[in-house]
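# Observations on the model geometry
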Amino acid sequence: MIADFATVSQEERDEILRNNFDYTLFSWSKQKGLSPLSIERGEGVYLYDYDGTRFLDFSSGLMNVNIGHGNQRVTEAVVRQMQQVSYVTPSCVTRVRGELGKKLAEICPGNLNKAFFTVCGATANENAIKLARLYTGRHKILTRYQSFHGASYGVFSAGGDPRKLPVDSQQAPNFVHIDIPNAYRWPHAPETLLPESVAQLERIIAYEGPDNMAAIMLEGESGTSGCLKYPDGYLAEVRKICDQYGILLIIDEVMSGFGRTGKWFGVDHAGVVPDLMALAKGVTAGYLPLGVLMVSDKIAARYDDAMLPLGLTYSAHPVPCAAALEVIKIYEDDHLIENTVAMGKYIEERVEELKTKHVSIGDFRNTGLLGCLELVKNRTTKEPMAPFNARPSDMVVMNNVAAKLRELGLYTFVRWNLVFLAPPLCVTREQIDDGLAIISEALKIADAECLG
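These figures come from a predicted structure and were not determined experimentally.

Let us now look at the sheet that holds strand β2 (residues 46-49). Pairing between the strands of a sheet is mediated by backbone hydrogen bonds and can be parallel or antiparallel. The sheet built from four strands is open, its strands ordered β1-β2-β3-β14 with mixed pairing. Each end of this open sheet is capped by a strand with a single partner; those strands are β1 (39-43) and β14 (410-411). Of the strand pairs in this sheet, β2 and strand β3 (residues 54-57) are connected by three bridges, and their pairing is antiparallel. Looking across to β3, one finds that Tyr-46 is bridged to Leu-56.

So, about the packing of aromatic side chains. Inspection of the entire model under this criterion finds eleven aromatic pairs. When the ring of Phe-258 is compared with that of Phe-265, the centres are 5.3 Å apart and the planes differ by 75°; the resulting orientation is edge-to-face. Accessibility assignment for this pair places Phe-258 and Phe-265 in one class, buried. Between the NZ or CZ atom of Arg-41 and the centre of the ring of Tyr-48, over which it lies, the distance is 3.9 Å. Lying across the ring of Phe-148, Arg-163 places its NZ or CZ 4.5 Å from the centre.

Okay, the pattern of salt bridges next. A complete count under the given rule lists 24 salt bridges for this structure. One salt bridge in this structure joins Glu-352 and Lys-355, with 3.0 Å as the shortest N-O distance. Of this pair, Glu-352 and Lys-355 are both found in helix α11 (residues 336-357), three residues apart, which corresponds to roughly one turn of the helix. With a relative accessible area of 44%, Glu-352 lands in the partly exposed category. If you follow the salt bridges from partner to partner, you end up with Arg-185, Asp-363, Arg-365 and Glu-374 in one network.

Spatially, β4-β10-β9-β8-β7-β5-β6 is the arrangement adopted by the seven strands of the open sheet, whose pairing is mixed. The sheet is open, and its two borders are formed by β4 (112-118) and β6 (175-178), each paired with just one other strand. Mean inter-strand twist for the sheet, computed between neighbouring axes without regard to direction, equals 20°. In this structure, strand β9 (residues 276-279) lies alongside strand β10 (residues 291-296), joined through four bridges in antiparallel fashion. Bridge assignment links Leu-276 to a residue of β10, and that residue is Val-295. In this fold helix α7 (residues 193-208) packs onto β5 (140-144), β6 and β7 (213-219), with an angle of close to 155° to the strand it touches most, β6. Running at roughly 170° to β7, helix α8 (residues 234-245) makes contact with β6, β7 and β8 (248-252) of the sheet.

Rules behind the numbers
- Note on numbering: residues in each chain are counted from 1, in written sequence order.
- Residue-level local features of this predicted model are given only where pLDDT is at least 70; pairs of side-chain atoms are given and counted only at 80 or more, and the full residue set underlies all totals for whole chains, interfaces and linings.
- Calculation of side-chain values draws on the structure's entire complement of heavy atoms; hydrogens and water are dropped beforehand.
- Following DSSP output, two strands are said to pair if at least two bridges run between them.
- Each helix is a run of DSSP H or I of at least 4 residues and each strand a run of E of at least 2, with the numbering of both proceeding from the N terminus.
- Ring pairs are drawn from Phe, Tyr and Trp, using the six-membered ring of Trp, whenever the two centres fall within 6.5 Å, and their geometry is named by plane angle: stacked under 30 degrees, edge-to-face over 60, tilted for the rest.
- Each residue is placed in one exposure class: buried if its accessible area under a 1.4 Å probe, protein chains only, is under 20% of its type's maximum, exposed if it is over 50%, and partly exposed if it falls in between.
- Comment: the charge-over-ring label is applied if NZ (Lys) or CZ (Arg) is within 6 Å of the ring centre and within 35 degrees of the ring normal.
- The term salt bridge refers to a side-chain nitrogen of Lys or Arg lying within 4 Å of a carboxyl oxygen of Asp or Glu.
- For helices, the axis comes from a line fit to the C-alpha atoms of the stretch in contact; other axes are also lines fit to C-alpha atoms, and the angle between any two N-to-C directions lies between 0 and 180 degrees.
- It only takes one pair of heavy atoms within 4.5 Å for two residues to be counted as in contact.

If you want it as structure tokens, here you go:
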């Protein structure tokens with residue numbers, strides 16, 4: 001959709017692009033030949049570029065703008081805080097620090113009542129790993145291959161995302177990985193999936209030595225790896241194994257937290273209480289950077305009379321704390337978690353209809369409003385439209401799908417053979433219909449490549 005006016009002149013638009021290309025670096029991209037969206041403003045589920053073109057944001061930015069774009073309640077809360085004080089050292093007390101900590105204790109599961117504030121999801125996970133090793137006196141961390149916990153060295157090594165491979169020779173030590181089977185590609189009887197997955201985990205722990213294992217670190221719900229589901233009951237079994245061997249359970253809720261899955265946190269679906277939980281993204285809905293490590297009362301008590309060896313210059317920064325408090329109020333006041341449940345069910349119903357029209361849809365995995373389509377060349381063989389860690393030459397079809405989505409006014413995350421469906425939690429049925437109509441049109445490109 002084109003607005004009635006362009007907001008800036010062509011000369012200004014050219015200068016905006018030139019400054020970005022000449023003086024900044026773009027993540028995960030070669031720096032020449034880019035054609036990024038040039039965004040002027042956002043409102044609700046929409047982004048607007050400097051030409052006045054409107055894009056329906058179907059991935060909530062990077063699955064973080066949960067309340068939608070441009071909510072001025074957050075702006076006002078931030079301004080109020082900055083009018084009082086814009087920075088104090090982490091050793092100081094502020095009203096917002098204590099109020100946010102109290103609110104997080106109310107909504108987090110179990111006895112996760114202590115908040116250590118960081119600056120992002122990666123730093124929340126880094127400090128979770130550090131604290132787990134300090135508390136247990138052990139060194140190994142067990143994680144999932146197909147997971148992502150951040151791009152700083154420690155958590156890059158912890159995750160299994162292939163973006164870490166170019167710096168693999170420099171990875172941090174003492175991370176052990178498992179491959180949790182994916183139900184869509186499990187070749188055996190469905191009832192064997194859970195016991196085989198648990199048996200694999202127990203074998204790896206035995207091989208590595210349970211007395212060496214500080215923590216098992218898993219996402220509350222899988223995100224950019226493809227919304228890969230745990231076998232039903234898996235997290236409960238992991239909790240039992242952790243308790244058996246004195247291993248801590250770290251749950252990364254950076255992407256799956258704050259209503260994204262239809263509950264406050266992804267792990268809530270399993271009824272499991274972790275020992276440490278990393279938060280970010282939805283805590284401020286992306287309006288300002290903030291991360292949080294939630295710590296159980298038992299672990300926190302260790303440091304009542306001993307120095308806590310964690311620290312950051314911007315820990316408990318009052319301005320993002322103020323943003324977070326207001327964002328959490330918006331989740332509650334606007335009933336966004338309830339809307340997520342309803343709209344998630346609606347998306348699932350509509351995607352079932354899309355499956356009858358598009359032979360390229362192999363699988364749809366979704367919880368609340370965290371989902372993705374997996375596109376295949378053949379539903380019987382399940383050959384992916386693009387392989388894991390696809391090379392540019394493997395991405396021709398998917399790049400054409402992504403280009404068509406953008407051409408038709410949809411902004412969403414496309415990776416390998418995956419198209420993500422994760423709109424802001426304020427999305428309506430009509431907006432979902434609009435987004436799925438665009439996706440349906442783009443999927444015709446993938447359908448034409450299907451075999452058999």
